[in-house]
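Here is what each chain is made of, one letter per residue.
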Amino acid sequence: MEKARIQDLKDFIGKEVTINGWLTNKRSGKGLEFLIIRDGSGFLQCVVSLDNVGEEIFQRAKTLSQESSIEITGLILEDERQIGGFEMQVSDLKVIGAANAYPITNKPHGVEFLMDNRHLWLRSRRQWAIMRVRNRLIFAIHNFFQQEGFVQMDAPIFTGNAVEGTTTLFGTEFYDETAYLTQSGQLYGEAMAMAMGKIYTFGPTFRAEKSKTRRHLSEFWMIEPEMAFYNNEMNMDLIEKFIKYIVKTVKEQSSFEFSILERDTDIFDKIAGEKFPRLTYDQAVRILRGEEKVNGKTTIETLESDFKNVLRDIEDKHKAIEEAEKEIKAGVKKGKRNYLQNKIDTLKNEIKDLEERKRVIPQWIESAQNFKYGNDLGGSDETVLTRMFDLPVMVYNWPHEVKAFYMKRDEKDPNLAKGVDVLAPEGYGEIVGGGERETDLDLLIGKIHEHKLPMEAFEWYLDLRRYGSVPHAGFGLGLERMVAWICKIKHIRETIPFPRMYGRLFP
RNA sequence: UCUCCCUUAGCUCAGUUGGUUAGAGCACCUGACUGUUAAUCAGGGUGUCCAAGGUUCAAGUCCUUGAGGGAGAGCCA
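A quick note: this is a predicted structure, and the numbers were derived from the prediction, not measured.

**A short note on the overall build of chain A**
Stage number 1. When helices and strands are counted, chain A shows 15 helices and 16 strands.
Stage number 2. Projected onto its principal axes, the C-alpha positions of chain A cover 85 × 55 × 45 Å.
Stage number 3. In chain A, the proportion of contacts linking residues at least 24 apart, taken out of those at least 6 apart, comes to 67%.
Stage number 4. For chain A, the distance from the average site of its 72 positive side-chain charges to the average site of its 79 negative ones is 6 Å.

The structure is reproduced here in structure tokens:
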């Protein structure tokens, strides 16, 4: 019997095939078993009918437990109602490996339980979809840079010194010396760019920040392009072209995954079609404080109307809960009661989220109004800024004090550095940070002193300015933050197969 | 490092002003139902109420300390 993967079933309509997979869910009727199987490439409902297969195979199907691995054979039919659009009329079923009391059921579980069972959680439909999008994203990123004539390079993971002195590093042993796990491949990227013209790194990055937030990992993957003969303007053009390419490609290739994730992809069309707002830091601060309007509204006005909407939503949901509870009290059938109880639970969770927003929006308003010129943008400030545009927002020309030592000083205003941050919409915040690099040897040496970094460790880097220095620029993109935003996942821990974060080293 | 919240059955949770024998759904098992979409319906039993100490006639419930987890701030991609 010919074997097939679920993703290729369109070539097997009306034919009999064998599929290897796992049972993900099961429903039953008299003389009928509906097995929902997955094989890694998709999902398929397989119908086992007592009349077709006989008593022995039917019993096998009836007692099959969740996540048992099987070899299943049958006729493939088109059926638009089913997941994936196909269905199998089963003629044979073999059990490869039975699963006993699989811990993750088709009902809700808590975060801690799921994280402890991450090795199994990856089999679930949502996690499957996220990992598939991640895969597509990685491929699209490589495609983009290869098409643009970039050379991929691997930067070292062991490093002898910090790139940005402020960040905490993971120390490790390197023979008789102390080495640190890399927190950026950028300096090495600059060296390689002088050899290749345009390069990009794609590798793991480690930061020992004791951050317990939804946007932080201790180990994450970063893409860092670096281009010779590039200024910050060209850099921003490239970033915009890059993000437009990514969202367009991923939308085309992952529609099934996005439907599982219930991700509305309309915003990707807007992003691919419209020009990204580019704000100087000064202008971003004015907008944030409510001194400058966007589309006729200030941030304060926008947030206050958001706040009112939140209050109204909370009230509506409380009313809906009351009504459902009344209905249950009046006495309904068990099925209806379960349905209503589920609805109430969902509403309660939604209210929790809304209460969180209700608590937080006034704080955002206050922090935006009182924003101090010269500071870096905080998490809420980023959310507020992007809320005004519903597009990725580029903020450039920053006060040089908040940026890294290698950032190029603005010729027109020595207080500014030619860096750029790209803020993702929908509350996701900074996904890209980059800028033009300092080429002035003396300024660079001064900055290394200022940041109290060990000069001898940077001699090789200074050589890049001594031998044929050119204007150059680049940026860094956090893959997991990108995946989180593209999939509209709340927490970054679901965007990488086995997250390493503060308080989590297993499994 | 700081602030707030949580910890009750294998899992998700409810448990009123402290008051008798701590509950529900799911998972699991048995049966019913010939097209189910988290199928449904009937039946079946399970607890170190996170730990230690305290208040009280009486603690899952109140207090103190500790452990684990979550959300946020700072820092950052």
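Moving on from the model shown.
**Quick notes on unusual backbone geometry**
Stage number 1. Although it is not a glycine, Asn 295 sits at a positive phi angle of roughly 50°.
Stage number 2. For Asn 295, the location among the structural elements is in the loop between helix H9 (281–289) and helix H10 (299–330).

**Here we look at the protein's contact with RNA strand B**
Stage number 1. Neighbouring RNA strand B are 48 residues, the closest being Asn 25, Lys 30, Glu 87, His 109 and Arg 481.
Stage number 2. A breakdown of the atoms of RNA strand B within 4 Å of the protein gives sugar and phosphate a share of 57%.
Stage number 3. The side chain of Glu 87 places a nitrogen or oxygen atom 2.2 Å from a base nitrogen of RNA strand B.
Stage number 4. Lys 212 places a polar side-chain atom, nitrogen or oxygen, 3.2 Å from a phosphate oxygen of RNA strand B.
Stage number 5. Those elements giving two or more residues to the surface near RNA strand B turn out to be strand E1 (16–29), strand E3 (43–49), strand E5 (86–97), helix H2 (111–116), strand E11 (219–228), helix H11 (334–369) and strand E15 (429–436).

**Observations concerning the nonpolar core**
Stage number 1. Ile 141, Trp 485 and Ile 486 are the most contacted members of the largest nonpolar core, which totals 78 residues.
Stage number 2. Sorting elements by how many residues they give to this core places helix H4 (residues 125–147) first, with 10 residues.
Stage number 3. Look past the residues within four positions of Trp 485 in its chain and what remains in contact with it is Ile 243, Val 247, Arg 263, Ile 271, Pro 392, Ala 424, Pro 425, Glu 426, Tyr 428 and Ile 431.
Stage number 4. Grouped together as the second largest cluster of nonpolar side chains are 24 residues, Val 17, Phe 58, Ile 72 and Ile 76 included.

**Digging into helix H13 (residues 441–450)**
Stage number 1. Along H13, the residues that are buried comprise Leu 444, Lys 447 and Ile 448. The buried side chains of H13 occupy one side of the element, clustering within an arc of 100° when seen end-on. More than 90 degrees from the buried face of H13, the exposed residues found are Asp 442, His 449 and Glu 450.
Stage number 2. A positive backbone phi angle near 55° is found at Lys 452, which sits one or two residues after H13.

**Focus on the sheet that holds strand E14 (residues 416–424)**
Stage number 1. Strand order in this open sheet of 8 strands is E6-E10-E11-E16-E15-E14-E13-E12, and the pairing throughout is mixed. The open sheet is flanked by strand E6 (151–153) and strand E12 (278–280), the only strands paired with a single partner. Each neighbouring strand pair of the sheet contributes to a mean axis angle of 20°, computed without reference to strand direction.
Stage number 2. Direction of pairing for E6 relative to strand E10 (residues 198–206): parallel, over a ladder of 3 bridges. Paired with Val 151 across the strands is Ile 199, a residue of E10.

**Re empty space enclosed by the protein**
Stage number 1. Taken as a whole and assessed by the stated rule, the structure comprises 1 cavity of 30 Å³ or more.
Stage number 2. Counted as a void, the largest cavity has a volume near 30 Å³.
Stage number 3. Its residues placed into classes, the lining of the largest cavity shows 2 nonpolar, 3 polar and 2 charged.

**What about the sheet that holds strand E8 (residues 171–174)?**
Stage number 1. The 3 strands are arranged E7-E9-E8 in an open sheet whose pairing can be described as antiparallel. Both outer strands of the open sheet, strand E7 (158–159) and E8, are each paired with one neighbouring strand and no more.

**Regarding the pairing of strand E2 (residues 32–38)**
Side chains on a regular strand alternate between the two faces of the sheet.
Stage number 1. Counting buried residues along E2, 5 of its 7 residues qualify, which places the element largely inside the surrounding structure.
Stage number 2. Summarising the sheet, E1 and E2 pair through 7 bridges and their orientation is antiparallel. Bridge assignment links Arg 27 to a residue of E2, and that residue is Phe 34.
Stage number 3. The loop that links E1 with its antiparallel partner E2 comprises 2 residues; one of these, Gly 31, has a positive phi angle of about 70°.
Stage number 4. Sheet topology places E2 next to E3; 7 bridges connect them, and they run antiparallel. Paired with Phe 34 across the two strands is Val 47, which belongs to E3.

**Quick notes on the packing of helix H6 (residues 232–253) against helix H8 (residues 266–273)**
Stage number 1. At a closest axis distance of 9 Å, the pairing of H6 and H8 adopts a crossing angle of 145°. In the crossing of H6 with H8, the sense of the turn from one axis to the other is left-handed. Across the interface between the two elements, Ile 243, Lys 244, Val 247 and Lys 251 of H6 pack against Phe 268, Asp 269, Ile 271, Ala 272 and Gly 273 of H8.
Stage number 2. When grouped by side-chain class, the residues that make up the contact of H6 with H8 number 5 nonpolar, 1 polar and 3 charged.

**Here's the deal with the pairing of strand E13 (residues 393–399)**
Stage number 1. For E13, the buried fraction is high: 6 of the 7 residues fall into the buried class.
Stage number 2. As defined by bridge partners, E12 adjoins E13 across 3 bridges and the pair is classed as parallel. Paired with Arg 278 across the two strands is Met 394, which belongs to E13.
Stage number 3. Two strands pair when backbone bridges link them, and E13 and E14 are joined in this way by 6 bridges, in the antiparallel orientation. Looking at E14, one finds that Val 393 is bridged to Leu 423.

**As for the side chain of Glu 67**
Stage number 1. Here Glu 67 is to be found in the loop between helix H1 (50–62) and strand E4 (69–78).
Stage number 2. A distance of 3.0 Å separates a polar atom in the side chain of Glu 67 from a polar atom in the side chain of Arg 123.
Stage number 3. Not counting the four nearest positions on each side in its chain, Glu 67 is found in contact with Trp 22, Leu 23, Thr 24, Arg 38, Ala 99, Tyr 102 and Arg 123.

**Re the packing of H4 against helix H15 (residues 479–487)**
Any two packed helices are characterised by the angle at which their axes cross and by the distance between the axes.
Stage number 1. The interhelical angle for the contact between H4 and H15, taken along N-to-C directions, is 120°, at an axis separation of 10 Å. With respect to their mutual orientation, H4 and H15 come out oblique. Along this stretch, H4 crosses H15, giving a crossing that reads as right-handed. The residues of H15 that touch H4, namely those facing Ile 130, Val 133, Arg 134, Leu 137, Ile 138 and Ile 141, are Leu 479, Glu 480, Met 482, Val 483, Ile 486 and Cys 487.
Stage number 2. Of the residues belonging to the contact of H4 with H15, the class tally is 10 nonpolar, no polar and 2 charged.

**Things to note about the packing of aromatic side chains**
Stage number 1. One pass over the structure, following the stated rule, counts 20 aromatic pairs.
Stage number 2. Where Phe 242 meets Phe 475, the ring centres are 6.0 Å apart and the plane angle is 50°; that geometry is what we call tilted. A residue pair is termed long-range when its members are at least 10 positions apart, and Phe 242 in helix H6 and Phe 475 in strand E16 (residues 472–478) qualify at 233 residues. The exposure classification of Phe 242 matches that of Phe 475, with both residues buried.
Stage number 3. Taken together, the ring pairs connect Phe 144, Phe 145, Phe 150, Tyr 200, Phe 242, Tyr 245 and Phe 475 into an aromatic cluster.
Stage number 4. Between Lys 403 and the ring centre of Trp 398, over which it is positioned, the NZ or CZ distance is 4.2 Å.
Stage number 5. A cation sits over an aromatic face here: Arg 465 above Tyr 461, 4.4 Å from the ring centre.

Definitions and cut-offs
By convention here, each chain's residues receive numbers from 1 onward along its written sequence. Following the order in which they are written, the chains are lettered starting with A and the ligands numbered starting with 1. Thresholds applied to this predicted model are a pLDDT of at least 70 for local features of residues and 80 or more for the giving and counting of side-chain atom pairs; totals over whole chains, interfaces and linings are not thresholded and use all residues. Side-chain metrics rest on all non-hydrogen atoms present in the structure, leaving aside hydrogens and water. Helix numbers and strand numbers start at the N terminus; a helix is a DSSP run of H or I with at least 4 residues, a strand a run of E with at least 2. The criterion used for residue contact is that any of the two residues' heavy atoms lie within 4.5 Å. By the counting rule applied here, Lys and Arg register as positive and Asp and Glu as negative, while His and the ends of each chain are not counted. For the purpose of locating charges, the reference atoms are NZ of Lys, CZ of Arg, CG of Asp and CD of Glu. In these notes, residues near a molecule or strand are those with any non-hydrogen atom within 4 Å of it. Whenever two N or O atoms come within 3.5 Å, that pair is a polar contact, provided that in protein one can donate a hydrogen and the other can accept it, and provided that, for residues adjacent in sequence, both atoms are side-chain atoms. We call a set of buried residues a nonpolar core when its members are Ala, Val, Leu, Ile, Met, Phe, Trp, Tyr or Cys and they connect through side-chain atoms within 4.5 Å of each other. Think of it in three bands: with a 1.4 Å probe and only protein chains considered, a residue is buried below 20% of the maximum accessible area for its type, exposed above 50%, and partly exposed in between. Taken from the helix axis, the directions to the C-beta atoms give the arc we talk about. When DSSP locates at least two bridges between a pair of strands, those strands are taken to pair. Axis angles are defined between N-to-C directions and span 0 to 180 degrees, where every axis is a line fitted to C-alpha atoms and, for a helix, only to the segment in contact. The method works on a 1 Å grid over the protein atoms by themselves. A cavity is a set of points holding a 1.4 Å probe that cannot get out, a pocket is an open set with protein on both sides within 12 Å along at least five of seven lines, and residues with an atom within 4 Å of a point line them. Grid points are joined across faces, edges and corners, and a volume is the space filled by probe spheres set on the points. We call Asp, Glu, Lys and Arg charged. Ala, Val, Leu, Ile, Met, Phe, Trp, Tyr, Cys and Pro are nonpolar, and the rest, Gly among them, are polar. The crossing is said to be left-handed when, going from far helix to near helix, the turn is anticlockwise and less than a right angle, and right-handed when the turn is clockwise. By the definition adopted for this analysis, an angle is roughly parallel if under 35 degrees, roughly antiparallel if over 145, roughly perpendicular if from 65 to 115, and oblique otherwise. Between 30 and 60 degrees the pair is tilted, below 30 it is stacked and above 60 it is edge-to-face, where a pair is any two Phe, Tyr or Trp rings, Trp via its six-membered ring, whose centres lie within 6.5 Å. Working rule: Lys NZ or Arg CZ, within 6 Å of ring centre, within 35 degrees of ring normal, means a charge sits over the ring.

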